[in-house]
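Architecture at a glance
Below are the chains, spelled out letter by letter.
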Amino acid sequence: MSESKTGMTSDDFRSLVVAMAAAIEANADRLTELDSAIGDGDHGANMKRGFQAVLGELDQLATKPVPEALKAAGMKLVMTVGGASGPLVGTLLMTLGKELPADFDRQAFVMAYEKAVDAVAARGKSHAGQKTMLDVLYPILDAMREGADPDEVAARARAAADATVPMLATRGRASFLGERSIGHMDPGAASVALLAGVVARTLQTHQGA
Ligand code: ADP
Ligand code: MG
């Protein structure tokens, strides 16, 4: 089993993927409803398909060091999900895996996460303020840089997802609606906030943080 300075082991990785897939499954209808309001109603199904595919390879993934496992999981998402969210969340995980040293501490994680969020923005040709998942990914980065604990990071992520409601979408499918995109939460933002909550809970269970 590989262990890093943060104490994140392959077993932790396994628990994390299982918990993420379960949370996506439990919230798939809500995510799809959000996407029905300002998109094409497939976000819940897209995320579910992606995480089920990762879950299907978990035994193999858990034999790899955590950065390698993240890279492989990201690649799986890119390959399995047809919608915009697959390549974007996939790029996040792939870049995290690529940038993380085998033995990483919190500071190394934050640096790798910053590169990963920038890679999502590059892939989506997007930036903060356009009512997308980036409007949660960047606030998570800010919270981590400020030294927030995982619970606080998750709370900031939820608040950031809520803050997409009054925003005007200028990127992604929701931008086709123009002003009518106002008044609904961005589905990708909701997914990222959900996953941040899962990470916080899993870290707490495994590290007593
Ligand atoms: P699709 O839009 O192809 O149907 P999904 O419904 O699965 O894909 O995902 C939609 C989510 O993807 C949006 O809510 C938004 O958060 C995110 N998204 C879409 N396009 C972009 C982009 N260019 N940059 C960042 N995020 C994006
Ligand atoms: Mg969609």
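Before going into details, it helps to say that this report is about the structure given with it. (Residues numbered from 1 in each chain as written. Chains lettered and ligands numbered in written order. Predicted model: local features only at pLDDT ≥ 70, side-chain atom pairs only at ≥ 80, totals over all residues. Heavy atoms only, no water.)

Before going further, it helps to spend a moment on the environment of G41. Looking at where G41 falls in the secondary structure, it is placed in the loop between α1 (10–38) and α2 (43–56). A sequence separation of 139 residues divides G41 from R180, and the C-alpha atoms of the two residues are 16 Å apart. Contact partners of G41, with chain neighbours within four places excluded, come to T32, D35 and S36. (Helix = DSSP H or I, 4+ residues; strand = E, 2+ residues; numbered from the N terminus. Contact = heavy atoms within 4.5 Å.)

What follows covers the packing of helix α5 (residues 85–99) against helix α6 (residues 106–124). Two elements in contact, α5 and α6, have axes whose closest approach is 8 Å; the angle formed by their N-to-C orientations is 145 degrees. Crossing handedness for the pair α5 and α6: right-handed. In this structure, α5 contributes P87, L88, T91, L92, T95, L96 and E99 to the contact, and α6 contributes F109, A112, Y113, K115, A116, V117, A119, V120, R123 and G124. Residue classes in the contact of α5 with α6 are distributed as 11 nonpolar, three polar and three charged. (Axes fitted to C-alpha atoms, helices over the stretch in contact; angles between N-to-C directions. Left-handed = near helix turned anticlockwise from the far one by under 90°. Nonpolar A, V, L, I, M, F, W, Y, C, P; charged D, E, K, R; others polar.)

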